[in-house]
Amino acid sequence: MIENLHRTATYHPQISEVVIHDFYLTELELQCIRGHPRFKVSSSEGALGLPVWMNDQFRPFLLWHGSAGFQQIDNCEFLSGGEELDYPRIERHIFQIHITSHSILPRVASTILFMGTCSMKNIVDLPKFDLHVHLDGSMRLDTVLELTEALPPRVRSALPSDLESALIPPKRCTLEEYLQAFSITVAVLQTQEALARAAYELCADAAAENVIYMEIRFAPLLHLREGLKPCQVVEAVLSGMRRAEEEFPIRTGLILCGMKQASETEAITTAELAAEYAHAGVVGFDLAGPERGFPPSIHSEAVKIAKQAGVHVTIHAGEGCCPEHIREAIELGAERIGHGVYLYQDPATERLVAERGIPLEACPTSNLQISGVMNSYSEHPLKRYIDLGIPVTINTDNRLMSQITVTHELAAVIDAFLLSEEEVKTLLLNSAVAAFAPPAVKEKLRAAVHAVF
Ligand SMILES: [Zn+2]
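Presented here is an overview of the structure given in this document. What you are looking at is a predicted structure, and each value in this text was computed from that prediction instead of being measured. (Residues numbered from 1 in each chain as written. Predicted model: local features only at pLDDT ≥ 70, side-chain atom pairs only at ≥ 80, totals over all residues.)

### Some remarks on the environment of Ile404
Right, so step 1: By the element assignment, Ile404 lies in the loop between helix H15 (399–402) and helix H16 (406–417).
Right, so step 2: As a C-alpha pair, Ile404 and Ser366 span 38 residues in sequence and 9.3 Å in three-dimensional space.
Right, so step 3: In this view, Ile404 contacts Thr365, Thr396, Arg399 and Glu409; residues no more than four positions away in its chain are not counted. (Helix = DSSP H or I, 4+ residues; strand = E, 2+ residues; numbered from the N terminus. Contact = placed C-beta atoms within 7 Å.)

Set out below in structure tokens:
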């Protein structure tokens, strides 16, 4: 039901024309069309191409979102598709759009950056990484809806009545709205079958967009409500990941999250679990959950246990507040920082992060959605961090709630900051280097990036 963002484009500056091909519609865009079939555009940060129903036919529109809001880019025509379409059949049609107007090309270049790249390299085809992706935030919508049908009535009745809108909160939302979505996915992830399926499907979706390495994270102790033991939870997820690794060209690792708001004992149990599975697919330990009032140092013992067992540590810090937690996380021994959006508010720690080259796991759309410090991708401090030489990595966080893919996130960042090919390569290499994988695997990941640039 939800289409991943499948947009590819090539930009030929020498012939002053742009061809966008394989232009799918996302479900969100479809909803916009359905709501206003006569004349409606979908909104997005950056730029967006959309066939618009007007004068009894679909017209190709490319829209560019600049400081003046949406502007139509005209003089573009369908190469194929469009004209002969009728409304109900639009869902799976592939469009090709051909733009020839010279005057708009600078703008179109920016548009194309959102949809592909201007350097002939296609973002979908690039070898990509996702080091920060939550299992319970990245299920397929259809799978969640299907699994809710099978829930015991007592559980089902406690969920919001409009599941779909609860699962996909608004583009700017409160943390409460955002967390409500997780109450649904966590409710359906209480059996080994569901956990294995969610992990498998996430890997399959990532592999489909050429993610070659992914570290999935989740909090195992949230999945014990129907009687599973923590080890069964972890094994189920690992089995789904392994099955996907056999079928698709993707390597994966699992990160177990202790919840900051939970007791010290629970975080310690999770760290011990990570230690137990350290040689069976678990590569990391994380502290996640609300930040305000829950500094990472509460769980220093859990972090120590993980580190002593040779498990890598990353900690969510400075995502929606509390820049001081970033320093704390580093002092606890975090090798990477989850988000770190607020790092710029603590200059001394920012210098430290740059000096030590501590990777940041940026999740642009998720950060835009809930961090509260930016109104567009271009206001994301990640560019500042890139310029300071901090190894920034680009990740999804929650594919379902944010309706995104790694391809989308990279495209959004490239478009917002007009990143050069070299900068894109650096972002990808940062992920290869920051991966919690054995050195031999990391070397292969690096080589895969070098091979395409
Ligand atoms: Zn996260």
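### Points about unusual backbone geometry
Right, so step 1: For His339, which is not glycine, the phi dihedral falls at a positive 75 degrees.
Right, so step 2: Tracing the backbone shows His339 in strand E13 (residues 336–339).
Right, so step 3: The residue Asp397 is not glycine, and still its phi comes out positive at about 70 degrees.
Right, so step 4: Relative to the elements of secondary structure, Asp397 occurs in the loop between strand E15 (392–394) and H15.

### Some thoughts on the nonpolar core
Right, so step 1: Core analysis: the biggest nonpolar cluster contains 101 residues, and Ala199 and Val237 have the highest contact counts within it.
Right, so step 2: Looking at this core, the element that brings in the most residues is helix H7 (residues 192–208), giving 9 residues.
Right, so step 3: Leave out the neighbours within four places in its chain, and Val237 touches Leu135, Leu195, Ala196, Ala199, Phe218 and Leu254. (Core = buried A, V, L, I, M, F, W, Y, C linked by C-beta atoms within 7 Å. Buried ≥ 20, exposed ≤ 12 C-beta atoms within 10 Å, placed from the backbone.)

### Here we look at the sheet that holds E15
Right, so step 1: If you trace the 8 strands from one edge of the open sheet to the other, you get E8-E9-E10-E11-E12-E13-E14-E15, paired in parallel fashion. Only two strands of the sheet have a single neighbouring strand rather than two, namely strand E8 (128–134) and E15. Within this sheet the neighbouring strands show an average axis-to-axis angle of 25 degrees, counted without direction.
Right, so step 2: Along the sheet, helix H9 (residues 264–276) makes contact with strand E10 (251–259) and strand E11 (282–288), crossing E10 at roughly 160 degrees. (Pairing = 2+ DSSP bridges. Axes fitted to C-alpha atoms, helices over the stretch in contact; angles between N-to-C directions.)

### Looking at helix H11 (residues 324–332)
Right, so step 1: Within H11, burial applies to His325, Ile326, Ala329, Ile330 and Leu332. Each buried residue of H11 lies within a common arc of 160 degrees when the element is viewed along its axis, so the set occupies one face.
Right, so step 2: Its buried side turned inward, H11 meets helix H10 (300–308), strand E12 (312–317), E13 and helix H12 (347–356).
Right, so step 3: The positive-phi residue at the C-terminal boundary of H11 is Gly333, with phi of around 110 degrees. (Arc of directions from axis to C-beta.)

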